[in-house]
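Analysis of the macromolecular model
Below are the chains, spelled out letter by letter.
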Amino acid sequence: MKIKSVTIFTLFLFMLTVASAQDKWELRRNENGITIYSRQSPDGKLVELRLLCQLDAAPEELIRQLMDINSYSSWVYSNKKSGIIKKVNDHDIIYFTEAHLPWPIQDRDLVVELNIEPATNPNATQIILVKSIDGILPPKKHFIRVPYSLVTWRITPVPGNKVNIDYTFSLDPGGSIPKWLVNLTLTTGPYKSFVKLRELLKAERNKR
């Protein structure tokens with residue numbers, strides 16, 4: 001009985017250690033005010049990223065840009081084309097996006113629903129969820145449909161008409177992609193996207 005108890009306790013400690021390792025974010029890039037972390041998902045299948053930065057934009061300015069689906073090709077890394085499928089309401093949009101990947105990797109596409117949770121007060125953190133959904137569009141020729149994607153934006157207003165961004169991203173790209181390519185683009189895509197987004201928001205603000 002005593003040996004059995006020790007074995008169970010040891011197994012319990014091992015499970016806690018594994019869970020802690022899976023929970024831990026590893027710093028991958030810290031440049032130009034943009035910090036990017038990654039971690040291994042519990043099942044080892046997903047790419048998981050977390051990005052922290054500050055943008056010179058009020059929450060409504062950022063949300064307006066995120067709702068402009070047709071402009072995604074101007075700032076989202078590797079985005080080939082995006083378009084609205086259905087506007088559910090002012091806070092909920094279903095759209096498709098196509099991503100161009102370097103040869104010989106086949107291009108990907110996905111259908112997602114963007115949902116903006118209304119802010120409870122002007123200083124509260126606002127959450128935007130962008131999650132892949134099935135059964136909306138049939139598969140497209142020359143594209144592999146991404147089976148799972150989840151993006152969470154946590155937008156917190158700060159003094160000076162700015163926002164702090166806590167952005168997390170989980171993805172199963174589907175099909176087969178070499179590990180070297182995943183590692184190569186792991187931080188490049190998000191970093192370049194947020195640099196472009198920052199420039200775009202600044203340009204829009206300067207027009208006013």
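As the structure is a computational prediction, the values presented were derived from the model and not from experiment.

Further remarks concern the pairing of strand β4 (residues 79-89). Relative to strand β5 (residues 92-99), β4 runs antiparallel, the two sharing eight bridges. Residue pairing for β5: Ser 82 is matched across the bridge by Thr 97. Remark: two residues form the turn of the hairpin made by β4 and β5, two consecutive strands paired antiparallel.

For the structure on display, the rule yields nine salt bridges. When the shortest N-O distance is used, the salt bridge between Arg 29 and Glu 31 registers 3.1 Å. Owing to a relative accessible area of 35%, Glu 31 belongs among the partly exposed residues under this scheme. Here Arg 145 makes a salt bridge to Asp 109, at a shortest N to O gap of 3.0 Å. Of this pair, Arg 145 sits in strand β8 (residues 144-145) while Asp 109 is found in strand β6 (residues 108-116), placing the two residues 36 residues apart along the sequence.

Moving on, we come to the nonpolar core. With 38 residues, the main nonpolar core has Leu 62, Ile 128, Trp 153, Ile 165 and Phe 194 as its most contacted residues. Every residue in contact with Leu 62, bar those within four places of it in the chain, is listed here: Leu 55, Ala 57, Trp 153, Ile 155, Val 163, Ile 165, Leu 197 and Leu 201.

Right, let's get into the packing of aromatic side chains. Considering all chains together, one arrives at five aromatic pairs under this definition. Here the aromatic rings of Tyr 72 and Trp 75 are separated by 5.5 Å at their centres, their planes lie at 70°, and the arrangement is edge-to-face. The exposure class assigned to Tyr 72 is buried, which follows from its relative accessible area of 7%. Look at Trp 153 and Tyr 167: their rings are 4.9 Å apart centre to centre, the planes differ by 80°, and that puts the pair in the edge-to-face class. In this pair, Trp 153 sits in strand β9 (residues 148-158) while Tyr 167 sits in strand β10 (residues 162-172), placing the two residues 14 residues apart along the sequence. Across this residue pair, the class does not change: Trp 153 and Tyr 167 are buried. Chaining the aromatic ring pairs together yields one cluster made of Tyr 72, Trp 75 and Tyr 95. Positioned over the ring face of Tyr 191 is Arg 29, at 3.9 Å from the centre of the ring. For Lys 140, the ring lying beneath its charged end belongs to Phe 96, and the centroid distance is 4.0 Å.

All right, on to the environment of Leu 114 then. Position of Leu 114 relative to the elements: it lies in strand β6. In the structure, Leu 114 is positioned 20 residues away from Ile 94 in sequence and 6.3 Å away in space, judged by C-alpha atoms. Not counting residues up to four positions away in its chain, the partners in contact with Leu 114 are Leu 66, Met 67, Tyr 72, His 91, Asp 92, Ile 93, Tyr 95, Ile 128, Leu 129 and Val 130.

With that settled, the discussion passes to the environment of Phe 169. Looking at the element boundaries, Phe 169 is found in strand β10. The class of Phe 169 is buried, set by a relative accessible area of 18%. For the pair formed by Phe 169 and Lys 131, sequence separation is 38 residues and the distance between their alpha carbons is 9.9 Å. Sequence-distant contacts of Phe 169, defined by excluding residues within four places in its chain, comprise Val 47, Glu 48, Leu 49, Ser 149, Leu 150 and Val 151.

In a regular helix each residue adds 1.5 Å, so 20 residues correspond to 28 Å; helix α4 (residues 188-207) covers 29 Å between its end C-alpha atoms and thus fits that length. Among the residues making up α4, those that are buried are Thr 188, Gly 189, Pro 190, Tyr 191, Ser 193, Phe 194, Val 195, Leu 197 and Leu 201.

This paragraph deals with the pairing of strand β3 (residues 47-55). Across six bridges, strand β2 (residues 34-40) lies against β3 in antiparallel orientation. Bridge assignment links Thr 35 to a residue of β3, and that residue is Leu 52. Here β3 pairs with β10 via nine bridges, running antiparallel. What sits directly across from Glu 48, in β10, is Ser 170.

Next up on the list: the layout of surface pockets. For the largest pocket, the calculated volume is near 1000 Å³. Val 76, Tyr 77, Ser 78, Phe 169 and Leu 171 are the residues nearest the centre of the largest pocket, which is lined by 39 residues in total. For the lining of the largest pocket, the secondary-structure elements that each account for two or more residues are β3, β5, β6, β7 (126-132), β9, β10, α3 (179-185) and α4. For the lining of the largest pocket, the residue count by class is 29 nonpolar, eight polar and two charged.

Here is what the cut-offs are and how they apply
- Residues numbered from 1 in each chain as written.
- Predicted model: local features only at pLDDT ≥ 70, side-chain atom pairs only at ≥ 80, totals over all residues.
- Heavy atoms only, no water.
- Pairing = 2+ DSSP bridges.
- Helix = DSSP H or I, 4+ residues; strand = E, 2+ residues; numbered from the N terminus.
- Salt bridge = Lys/Arg side-chain N within 4 Å of Asp/Glu carboxyl O.
- Buried < 20%, exposed > 50% of the residue type's maximum accessible area, 1.4 Å probe, protein only.
- Core = buried A, V, L, I, M, F, W, Y, C linked by side-chain atoms within 4.5 Å.
- Contact = heavy atoms within 4.5 Å.
- Phe/Tyr/Trp six-rings, centres within 6.5 Å; stacked < 30°, edge-to-face > 60°.
- Lys NZ or Arg CZ within 6 Å of the ring centre and 35° of its normal.
- Expected span 1.5 Å × (residues − 1).
- 1 Å grid on protein atoms, 1.4 Å probe; cavity = no way out; pocket = protein on both sides within 12 Å on 5 of 7 lines; lining within 4 Å.
- Points joined across faces, edges and corners; volume = space filled by probe spheres on them.
- Nonpolar A, V, L, I, M, F, W, Y, C, P; charged D, E, K, R; others polar.

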